[in-house]
Amino acid sequence: MKIVVIGGTGRIGSQVVQLLEGHEVVAAAPSTGVNTLTGEGLSGVLQGADVLVDVSNSPSFADDDVMEFFQRSTGNLVEAAREAGVGHFVALSVVGADELPDSGYLRAKAAQEKLIQDSGLNYTIVRATQFLEFAVAIADTSTVDGVVRLSDGGTRPIAAEDVAVAVARAAGEPPAGGIVEIGGPDVLPMDEWIRRVLTARNDPREVVTDPAAKYFGTVLGKNSLVPAEGAWRGKVGLAEWLSR
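Right, let's walk through the structure included here. The structure displayed is predicted, hence computed values, not measured ones.

Some thoughts on helix α6 (residues 160–172)
Helix length check: α6 (13 residues) gives 19 Å between terminal C-alpha atoms against 18 Å at 1.5 Å per residue, within 8%. Of all the positions in α6, only Ala-160, Asp-162, Val-163, Ala-164, Ala-166, Val-167, Ala-168, Ala-170 and Ala-171 are classed as buried.

Below you can see the structure in the form of structure tokens.
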């Protein structure tokens, strides 16, 4: 198959491209002349494509910026995929995207999902939990006066390499026609996960448990970020990831 990976030079996309070796795989990004915001290069790169994989992300997480990015980018991708006759649209999203509207980022991901669901294209939406690699960034955005305030809401953080495996697998299979959820092997409260990472990195910041602390603008419930029962589980747990 010809598979075009939007965001194919990034953290997840570059791994997806490698995993799909054996197919005709094209890594598409602004650096390769493909810009989903302007539409530049889309019609050309999607010519003859069987599968379109979108693992791109907004460069800014500000509420208005991220909504603008996903609506414009996904709108252009949907239009170009229709014109090219792409048979399968695979998109990476986030567990809980449609249940946490107070988060500007998750609102934008929910809008992206709806554009794909309403497109008339055959699709698979892969919803992932938080990446293990984002732990320090989460701590940074939750730090006030040197103290990290985090909810004890549940998470099942997943390694980027496992996300790539799940996305590549979805690209090689028939369209699910719905949402597939994935997560890591460990169920951990958000505060405990980040505390363990900071401790392993000899980061002196104190992590304070605060059920009212907001995660990207929203208060978390016990299972807000935990995938549904039966979700696909990655192999890399927190202990193994930290040992690397």
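Some remarks on the sheet that holds strand β1 (residues 2–6)
If you walk across this open sheet you meet the 7 strands as β2-β1-β3-β4-β5-β9-β14, and the pairing is parallel. Across the chains shown, the open sheet's two edge strands, defined by having one partner strand only, are β2 (24–28) and β14 (232–233). When strand β9 (residues 178–183) meets β14, the two strands line up parallel, connected through 2 bridges. Of the residues in β14, the one forming a bridge with Gly-183 is Arg-233. Taken strand by strand, helix α4 (residues 104–117) contacts β3 (51–54), β4 (88–94), β5 (123–128) and β9, and its axis lies near 165 degrees from that of β4.

Considerations on the packing of aromatic side chains
Applying the stated criterion across every chain, the model contains 6 aromatic pairs. Where Phe-70 meets Tyr-105, the ring centres are 6.1 Å apart and the plane angle is 80 degrees; that geometry is what we call edge-to-face. Here Phe-70, found in helix α3 (residues 63–84), pairs with Tyr-105, found in helix α4; they are 35 residues apart in sequence, far enough to count as distant. Tyr-105 sits in the buried class, given a relative accessible area of 14%. Grouped by ring-pair contacts, the aromatic residues Phe-61, Phe-69, Phe-70, Tyr-105, Tyr-215 and Phe-216 constitute a single cluster.

Considerations on unusual backbone geometry
Phi at Asn-202 is positive, roughly 55 degrees, even though this residue is not glycine. Relative to the helices and strands, Asn-202 is located in the loop between α7 (190–200) and β11 (206–209).

Looking at the pairing of β4
For β4, the buried fraction is high: 7 of the 7 residues fall into the buried class. In this structure, β3 lies alongside β4, joined through 4 bridges in parallel fashion. Within β4, the residue paired with Asp-54 across the bridge is Ala-91. Where the polypeptide runs from β3 across α3 and back to β4, its parallel neighbour, the crossover connection is right-handed. Looking at chain direction, β4 and β5 are connected through 6 bridges and run parallel. Counterpart to Leu-92 in the pairing with β5 is Val-126.

Rules of the game
Residues numbered from 1 in each chain as written. Predicted model: local features only at pLDDT ≥ 70, side-chain atom pairs only at ≥ 80, totals over all residues. Heavy atoms only, no water. Helix = DSSP H or I, 4+ residues; strand = E, 2+ residues; numbered from the N terminus. Expected span 1.5 Å × (residues − 1). Buried < 20%, exposed > 50% of the residue type's maximum accessible area, 1.4 Å probe, protein only. Pairing = 2+ DSSP bridges. Contact = heavy atoms within 4.5 Å. Axes fitted to C-alpha atoms, helices over the stretch in contact; angles between N-to-C directions. Phe/Tyr/Trp six-rings, centres within 6.5 Å; stacked < 30°, edge-to-face > 60°. Right-handed = clockwise from strand over helix to strand, strands pointing away.

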